[in-house]
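# Structural characterization, general
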Amino acid sequence: MPQHTRRDFLKKGTSAAVAAATVPSLKVSGFHLSNDETIQVALVGCGGRGGGAAVNAMRAKGGPLKLVAMADVFEDRQANCVKNLSDAVEESKGAMLMDVPADRRFVGFDGYMKAMDCLRPGDIVILTTPPAFRWVHFQYAISKKLNVFMEKPVTVDGLSSRKMLELSRLADTAGLKVGVGLMSRHQVPLQELYRKVKGGAIGDILLVRGYRMHGPAGYSHSVPKPTNLSEVEYQIRRFHSFLWASGGCFNDFYIHIIDHANWFKGAVPVSAQGMGAKHYKSSPEGEPYVDQNFDNYAVEYTYPDGSKFYFEGRCIEGANGVYSSYIHGSKGVAIASRANDCGGPSAIYKGQNFDDSKLVWKSTDTTNPYQNEWDALVAAIRTNKPYNEVPRGVEASVSSNMGRMAAHTAQVVTYDQMMNCEHAFAPHVDKMTLDGPAPVMADEHGRYPVPQPGVLIDREY
Ligand SMILES: NC(=O)c1ccc[n+]([C@@H]2O[C@H](COP(=O)([O-])OP(=O)(O)OC[C@H]3O[C@@H](n4cnc5c(N)ncnc54)[C@H](O)[C@@H]3O)[C@@H](O)[C@H]2O)c1
């Protein structure tokens, strides 16, 4: 198979890359909604973030935006989201617009098409399912000439990364605007810090450090499937537990800090080495953990200039909790995220200690980056300015994938190796059915295939 380099992918597509990604060519052309038209919005993936993104959409500057259709594979998840959103709309006393009658609520694997079919070219679809389905839904959105807001991660393996980059180019050709939920980029304290760091406030960046360490979160840990759920249903409901669905907790949880490390360095890592393990094999109740995640990871990334980014991730109850990021320069040090994925205030200190007497600058902005990212997307749509965050979404996703693969295989993994990796986790995700075979199947003990560092070295399971 031909090898595709970072440059091939990031600069402009090669025909080989297109062929490898097998994305059908889509006939699309530009369009533009007039400034006073209500932008209609469809939500695909009615979970926690989908509901949050729908609220951000309905509250976006540059409105009006109205939620008109919703799709999910599970009726209970959708019903819950309809209720939460209806309550929020009622409380908003007319500030938020939603009109999603029963015949515009779609359930099932083809629901995404039906929801998008309710929209006109130039409207917006929100893609907030687990990332495995991102390229499938993005492809359909482009064919319908829809602007898109999609959540991170946008890819989980080499195949989906190649597909997303190709689709991104089609979206550009069509003049579509696409936002990606890497909200660090829209966090004002980080934007201010970025400008100061670029202006030399801490000298040359020598080291970036990032940590996300807390107890089990989301669906990072799973016990054997209950008998009343199909394999596919179980794996989608608990998507952080399955590498095909989410890229695992490494990709899903750690991507934000990895993304802002790349942003400040102005580069993607050339290589990663790492380690990790699943220390605890069973739940406090004594049931075996059967998911595909390690519960602790440490990865060293190397950037093209030789500088390093150290990332540590852990999902272990009772262990020291750290969830923040730091940038060390030749003249000073910066707190990028003080808490969580990109929580302010960011700050700059002289020297390498976080000593109050050496504080040079501290941010004061407290605007919500989840709202900011929507305001920016809608402004680009209203003014018809080029806007496509998918390339950096792919870069952050590939950077996450390569760190995870380095830890899972105990090998050095380069960016190009990750991009070209032939182990496709779920190549037929577009044809999935609830009762069909799942991308990974459990053994007789209910356990799914797990990484074997040093034994499996060119695939993760
Ligand atoms: N930017 C952020 O800070 C942030 C925060 C949380 C989640 N996220 C991202 O948002 C995405 C969703 O996460 P979540 O926490 O909302 O998960 P969730 O499980 O709460 O929601 C996902 C929803 O998608 C539905 N779904 C699954 N497959 C589908 C398909 N093929 N078609 C239609 N619906 C489908 C599920 O039934 C569920 O309702 C993930 O990619 C996650 O990483 C981002």
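Residues numbered from 1 in each chain as written. Predicted model: local features only at pLDDT ≥ 70, side-chain atom pairs only at ≥ 80, totals over all residues.

We now examine the overall build of the protein chain. Secondary structure assignment for the protein chain yields 14 helices and 16 strands. With the C-alpha coordinates of the protein chain rotated into their principal frame, the extents come out at 55 × 55 × 50 Å. For the protein chain, with 461 residues in total, the buried portion stands at 49%. Pairs at least 24 apart in sequence give 75% of the contacts found in the protein chain among residues at least 6 apart. (Helix = DSSP H or I, 4+ residues; strand = E, 2+ residues; numbered from the N terminus. Buried ≥ 20, exposed ≤ 12 C-beta atoms within 10 Å, placed from the backbone. Contact = placed C-beta atoms within 7 Å.)

Let us now look at the pairing of strand β6 (residues 147-150). Remark: a regular strand shows side chains that alternate across the two faces of the sheet. Side-chain alternation along β6 places Asn 147 and Phe 149 on one buried face and Val 148 and Met 150 on a second face that is also buried. Direction of pairing for strand β5 (residues 124-127) relative to β6: parallel, over a ladder of four bridges. Residue pairing in the sheet places Ile 124 in a bridge with Asn 147 of β6. What joins β5 to β6 is helix α6 (residues 134-143), and the crossover it makes is right-handed. Note: β6 against strand β7 (residues 178-180), three bridges, orientation parallel. Counted as the bridge partner of Met 150 is Val 180 from β7. (Pairing = 2+ DSSP bridges. Right-handed = clockwise from strand over helix to strand, strands pointing away.)

All right, on to the domain arrangement of the protein chain then. Often, the extent of an interface is quoted as the loss of accessible area on bringing the components together. Structurally, the protein chain comprises domain 1 (6-184 + 372-387) and domain 2 (188-368 + 399-431). The distance between the C-alpha centroids of domain 1 and domain 2 comes to 25 Å. Between domain 1 and domain 2, the residue contacts involve 21 residues of the former and 35 residues of the latter. Looking at the side of domain 1 that touches domain 2, the elements with two or more residues in it are α1 (6-11) and α7 (158-173). Sort the elements by how many residues they give to the side of domain 1 that touches domain 2 and α7 lands first, with four residues. Within the side of domain 1 that touches domain 2, the residues separate by chemical class into 12 nonpolar, five polar and four charged. (Domains from an automatic or database assignment. Nonpolar A, V, L, I, M, F, W, Y, C, P; charged D, E, K, R; others polar.)

Most of α6 sits out of view: eight of its 10 residues are buried. For α6, the set of buried residues is Arg 134, Trp 135, Val 136, His 137, Phe 138, Tyr 140, Ala 141 and Ile 142. Immediately downstream of α6, the backbone of Lys 145 shows phi near 60°, a positive value.

The environment of the ligand is made up of 27 residues, and the closest members are Gly 45, Gly 47, Arg 49, Arg 77 and Glu 151. Of all elements in the fold, only α3 (48-58), β2 (65-72) and α5 (111-117) reach the threshold of two or more residues within the shell around the ligand. Of all the elements, α3 adds the most residues to the shell around the ligand, at three residues. Counted by class, the shell around the ligand contains 12 nonpolar, eight polar and seven charged residues. Taken domain by domain, the makeup of the shell around the ligand includes at least three residues from each of domain 1 (6-184 + 372-387) and domain 2 (188-368 + 399-431). (Near = placed C-beta within 6 Å.)

Attention shifts here to unusual backbone geometry. Where the residue is not glycine, phi is negative for most of them; where a peptide bond is considered, it is trans in most cases. At the junction of Gly 63 and Pro 64, the peptide bond is cis and its omega measures out at 5° in the coordinates. By the element assignment, Pro 64 lies in the loop between α3 and β2. Following Lys 152, the chain continues into Pro 153 via a peptide bond in cis, with omega recorded as -25°. One can find Pro 153 in the loop between β6 and α7. The phi dihedral of Lys 145 is positive, around 60°, even though this residue is not glycine. Tracing the chain through its elements places Lys 145 in the loop between α6 and β6. Look at Lys 145 and you get buried, because 20 C-beta atoms sit within 10 Å. The phi dihedral of Asn 384 is positive, around 55°, even though this residue is not glycine.

Counting residues in hydrophobic clusters, the biggest one holds 121 residues, and the most contacted among them are Val 41, Ala 42, Ala 57, Leu 67, Val 125, Ile 126 and Val 148. A total of nine residues in this core trace back to one element, the largest contributor, which is helix α11 (residues 248-265). Mapped onto the domain boundaries, this core takes at least three residues apiece from domain 1 (6-184 + 372-387) and domain 2 (188-368 + 399-431). The residues touching Ala 42, leaving out its near neighbours within four places in the chain, are Val 68, Ala 69, Ala 115, Met 116, Cys 118, Leu 119 and Val 125. (Core = buried A, V, L, I, M, F, W, Y, C linked by C-beta atoms within 7 Å.)

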